[in-house]
Amino acid sequence: QVQVVESGGGLVQAGGSLRLSCAASGSIFSISAMGWYRQAPGKQREPVAILITESGSTTYADSVKGRFTISRDSAKNTVYLQMNSLKPEDTAVYYCALTTTLGGYWGQGTQVTVSS
């Protein structure tokens, strides 16, 4: 059993910052990727930032490049998303996703609301 728990969402004014955390626990075997996705009302879930654990390489959605940073604490099986210069269009439920050799796992999501 694997648990993925996000935290750190909330309400922030445009231009502000938030840091999301995602902690994975349980029967975790080789983690190949950790990432953040988001889903705004009426829209499909989209990838925001992905980190490949073996190489450390990262990929970002064009809309967040230069503003968001994904990082990882491997000892704690935790991944972070530092979000700066937030915009109202960043408002969404943010989900953490974990890819392992045994499959993929999702967290329950955390709401991020950016007011104008």
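It should be emphasised that the depicted structure is a prediction, and the values quoted were computed from it without experimental measurement.

Scoring rules and cut-offs
- Counting restarts for each chain: residues are numbered from 1 in the order of the written sequence.
- Confidence filtering applies because this is a predicted model: local features only for residues at pLDDT of at least 70, side-chain atom pairs given and counted only at 80 or more, and all residues used for totals across whole chains, interfaces and linings.
- Neither water nor hydrogens contribute to the side-chain values; these are computed over all heavy atoms in the structure.
- Going along the chain from the N terminus, every DSSP run of H or I of four or more residues is numbered as a helix, and every run of E of two or more is numbered as a strand.
- The atom set for the radius of gyration is the C-alpha atoms, and the globule formula is 2.2 Å times the number of residues raised to the power 0.38.
- Remark: exposure states derive from per-residue accessible area (1.4 Å probe, protein chains only) relative to the maximum for the residue type, with buried under 20%, exposed over 50%, and partly exposed in between.
- Only the protein chains shown count as covering a residue, and every accessible area follows the Shrake-Rupley method with a 1.4 Å probe.
- As used in this record, nonpolar core signifies buried Ala, Val, Leu, Ile, Met, Phe, Trp, Tyr and Cys residues forming a set joined through side-chain atoms within 4.5 Å.
- Residue contacts are counted whenever heavy atoms from the two residues lie within 4.5 Å of one another.

1. Points about the overall build of the chain
Step number 1: A count of helices and strands for the chain gives zero helices and eleven strands.
Step number 2: When the helices and strands of the chain are read in sequence order from the N terminus, they spell out β-β-β-β-β-β-β-β-β-β-β.
Step number 3: Against the compact-globule benchmark of 13 Å for 116 residues, the chain has a radius of gyration of 14 Å, which places it among compact chains.
Step number 4: Dimensions of the chain, computed from C-alpha atoms along their principal axes, come out at roughly 40 × 25 × 25 Å.
Step number 5: Burial statistics for the chain: of 116 residues in total, 41% are counted as buried.
Step number 6: For the chain, the computed accessible surface area is about 6100 Å², with 48% contributed by carbon and sulfur atoms.

2. Examining the nonpolar core
Step number 1: Among the nonpolar cores identified, the biggest contains 30 residues, and Trp-36, Val-48, Phe-68, Ile-70, Leu-81, Met-83 and Tyr-94 are the most heavily contacted of them.
Step number 2: Those elements giving two or more residues to this core turn out to be β1 (2-7), β3 (18-26), β4 (31-39), β5 (46-52), β7 (68-73), β8 (78-83), β9 (92-100) and β11 (110-115).
Step number 3: Dropping the residues within four chain positions of it, Phe-68 is found in contact with Arg-38, Val-48, Tyr-60, Leu-81, Gln-82, Met-83, Asn-84, Leu-86, Asp-90 and Tyr-94.

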